[in-house]
Amino acid sequence: MANPSMLSSSIAKKVAMALSGLFLISFLTLHFSINLTSVFSPNIFNSASHFMGNNPLIQFVMQPILIFGVVFHFVMGFILDFKNRSSRPISYAKNDGAANSSWASRNMLVSGAVVLAFLGLHFYDFWIPEMVYKYVEVNPLDASRYYPELVHKFESPIRTGLYCLAFLLLFFHLWHGFNSSMQSVGFNNKFSRALHKLGYAFAIIVPFGFIFIALFHHFNH
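Residues numbered from 1 in each chain as written. Predicted model: local features only at pLDDT ≥ 70, side-chain atom pairs only at ≥ 80, totals over all residues. Heavy atoms only, no water.

### Considering the overall build of the chain
Within the chain one finds 8 helices and 0 strands. Along the chain, helices (α) and strands (β) appear in the sequence α-α-α-α-α-α-α-α when read from the amino end. Out of the 221 residues belonging to the chain, those deemed buried represent 37%. (Helix = DSSP H or I, 4+ residues; strand = E, 2+ residues; numbered from the N terminus. Buried < 20%, exposed > 50% of the residue type's maximum accessible area, 1.4 Å probe, protein only.)

Written out as structure tokens, the structure is:
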């Protein structure tokens, strides 16, 4: 029989991971909304990016919280996956996991690790150059530079391909993760079905929307 304190600790970890995941979903929504404007209006994209990049509240409060949330979410995912695997009395060799769960649910750790690696690439591609531009080289503010920089990043077919692959795996991660988060926080009422459908729609629209943006800039410039 499971130790009550260990069970409580496991539930608390799952809830904490679920809440951090829901927080990251809000970031993805904002990030996607801004990037999508680059397809329709470079000027709007430049204005939104300039505001986000030079707002002290976003840069010095929300950005550190976001970085902590990303690290916390994935570290907690690794911890929970390790505990789940180590507590199973039956090995995978004797258990047909495909018969009882989806590929996404069985490979959350894999897709999560790839998404985390993608975030590292994203930081290397965008965040680090931004910090160097503003705080190391101390260049003058230029509100029109963001769109050309974005387009330049997607000129490379290798980089564009890596982004598309990462967002495809993000789709699988979100497809299972959103509804798993709802279960972890105990959300189960008359609105659950609608919220589950919203979660599936988000898992499709946002990752494939990012893929569309990357391919659009790659093939149109």
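Structure's up, so let's keep going.
### A look at a nonpolar patch on the surface
Residues Leu57, Phe60, Val61, Met62, Ile65, Tyr124, Ile128, Val132, Tyr135 and Val136 make up a contiguous nonpolar surface patch of roughly 970 Å² in combined accessible area. Elements with a contribution of two residues or more to the nonpolar patch: α3 (56-87) and α5 (108-136). Its location among the elements puts Val136 in helix α5. (Patch = residues over 30% accessible without salt bridge, like charges linked within 9 Å, V, L, I, M, F, W, Y side chains within 5 Å. Areas by Shrake-Rupley, 256 points an atom, 1.4 Å probe, with all protein chains shown as cover. Salt bridge = Lys/Arg side-chain N within 4 Å of Asp/Glu carboxyl O.)

### Quick look at the pattern of salt bridges
Throughout the structure, instances matching the rule amount to 2 salt bridges. Where Glu130 meets Arg145, a salt bridge forms, and the shortest distance between an N and an O atom there is 2.8 Å. Within this pair, whereas Glu130 is found in helix α5, its partner Arg145 is found in the loop between α5 and α6 (146-153), the two being separated by 15 residues in sequence. Residue classification places Glu130 among the buried residues on the basis of a relative accessible area of 13%. Notably, a salt bridge pairs Glu149 with Arg145, separated by 3.1 Å at the nearest N-O pair. You can call Glu149 partly exposed: its relative accessible area is 33%. Residues joined by salt bridges that share partners form a network here, namely Glu130, Arg145 and Glu149.

### So, the packing of aromatic side chains
Counted according to the given criterion, the structure contains 11 aromatic pairs. Ring centres of Tyr163 and Phe167 lie 6.5 Å apart, and the angle between their planes is 45°; on these two criteria the pair is classed as tilted. Residue Tyr163 and its partner Phe167 are both found in helix α7 (residues 157-184); the two are separated by 4 residues, about one turn of the helix. Three or more aromatic residues joined by ring pairs make a cluster, and in this case those are Phe32, Phe154, Tyr163, Phe167 and Phe210. Of note, Arg145 hangs over the ring of Tyr133, and the distance from its end group to the ring centre comes to 3.8 Å. (Phe/Tyr/Trp six-rings, centres within 6.5 Å; stacked < 30°, edge-to-face > 60°. Lys NZ or Arg CZ within 6 Å of the ring centre and 35° of its normal.)

### With respect to the packing of helix α2 (residues 42-54) against α6
When two helices pack together, their arrangement is captured by the angle between the axes and the distance separating the axes. In the contact formed by α2 and α6, the axes pass within 8 Å of each other and the chain directions differ by 100°. The orientation of α2 relative to α6 falls into the category roughly perpendicular. Contacts from Pro42, Phe45, Asn46, Ser49, His50 and Asn54 in α2 reach Tyr146, Tyr147 and Leu150 in α6. Among the residues forming the contact of α2 with α6, the class breakdown is 5 nonpolar, 4 polar and no charged. (Axes fitted to C-alpha atoms, helices over the stretch in contact; angles between N-to-C directions. Parallel < 35°, antiparallel > 145°, perpendicular 65-115°, else oblique. Contact = heavy atoms within 4.5 Å. Nonpolar A, V, L, I, M, F, W, Y, C, P; charged D, E, K, R; others polar.)

### Observations regarding α2
The terminal C-alpha atoms of α2, which comprises 13 residues, lie 18 Å apart, in line with the 18 Å expected from a rise of 1.5 Å per residue. Inspection of α2 places Phe45, Asn46, Ser49 and Gly53 among the buried residues, and these make up the whole buried set. Burial along α2 is one-sided: seen end-on, the buried residues are contained in an arc of 100°. (Expected span 1.5 Å × (residues − 1). Arc of directions from axis to C-beta.)

### Digging into the nonpolar core
Residues Phe167 and Leu174 are the most contacted members of the largest nonpolar core, which totals 33 residues. Contributions of two or more residues to this core are made by α1 (4-40), α3, α5, α6, α7 and α8 (192-220). Looking at which element gives the most residues to this core, the answer is α7, with 8 residues. Apart from residues lying up to four places away in sequence, Phe167 is in contact with Phe118, Pro207, Phe210 and Ile211. (Core = buried A, V, L, I, M, F, W, Y, C linked by side-chain atoms within 4.5 Å.)

### Overview of the side chain of Gln63
Within the element layout of this structure, Gln63 appears in helix α3. Those residues in contact with Gln63 that sit more than four places away from it in its chain are Ile58, Trp127 and Met131.

### Focus on the side chain of Thr160
Here Thr160 is to be found in helix α7. Once residues within four sequence positions are removed from consideration, Thr160 is found in contact with Phe154, Ala214, Leu215 and His218.

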